[in-house]
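# Close look at the chain arrangement
The chain contents come next:
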Amino acid sequence: MIKSYKDLQIWQRSMDLVESIYRITEKLPSNEQFGLISQMRRAAVSVPSNTCLPAGRLPKDMVDSQPAVIHNFFLLPEVLCLN
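Attention in this report is confined to the structure presented alongside it. Keep in mind that what you see is a predicted model, and the values were worked out from it rather than measured. (Residues numbered from 1 in each chain as written. Predicted model: local features only at pLDDT ≥ 70, side-chain atom pairs only at ≥ 80, totals over all residues. Heavy atoms only, no water.)

## A look at the packing of helix 1 (residues 9-26) against helix 2 (residues 36-52)
Contact geometry for helix 1 and helix 2: axes closest at 9 Å, N-to-C directions at 170°. Comparing their axes, helix 2 and helix 1 come out roughly antiparallel. When the axes of helix 1 and helix 2 are compared, the crossing they make is left-handed. Residues Ile 10, Trp 11, Ser 14, Met 15, Val 18, Ile 21, Tyr 22, Thr 25 and Glu 26 of helix 1 pack against Ile 37, Met 40, Arg 41, Ala 44, Val 45, Val 47, Pro 48, Thr 51 and Cys 52 of helix 2. Considering only residue class, the contact of helix 1 with helix 2 consists of 13 nonpolar, three polar and two charged. (Axes fitted to C-alpha atoms, helices over the stretch in contact; angles between N-to-C directions. Helix = DSSP H or I, 4+ residues; strand = E, 2+ residues; numbered from the N terminus. Parallel < 35°, antiparallel > 145°, perpendicular 65-115°, else oblique. Left-handed = near helix turned anticlockwise from the far one by under 90°. Contact = heavy atoms within 4.5 Å. Nonpolar A, V, L, I, M, F, W, Y, C, P; charged D, E, K, R; others polar.)

In structure tokens form, the structure reads like this:
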């Protein structure tokens, strides 16, 4: 049973993605600090953030609502294409 957004696989996997993006961007040139690095990190962080937001607004039986999942699938290509 889902008790929290942390129980959702999409949140768990997106947190793994955030960690990967941070490791990857640490290796990029420092002159990209305010460009590509910032863009990739913000895009990656937005995925788990937007997954957990509905959890506070929806009834518990709707925590895994499709609109949140669908929205995040639109965010993932932004992260992946920058990788």
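## Describing the nonpolar core
Counting residues in hydrophobic clusters, the biggest one holds five residues: Leu 17, Val 18, Ile 21, Met 40 and Ala 44. Counting residues per element, this core draws most heavily on helix 1, at three residues. Not counting residues up to four positions away in its chain, the partners in contact with Val 18 are Ala 44, Val 45 and Pro 48. (Core = buried A, V, L, I, M, F, W, Y, C linked by side-chain atoms within 4.5 Å. Buried < 20%, exposed > 50% of the residue type's maximum accessible area, 1.4 Å probe, protein only.)

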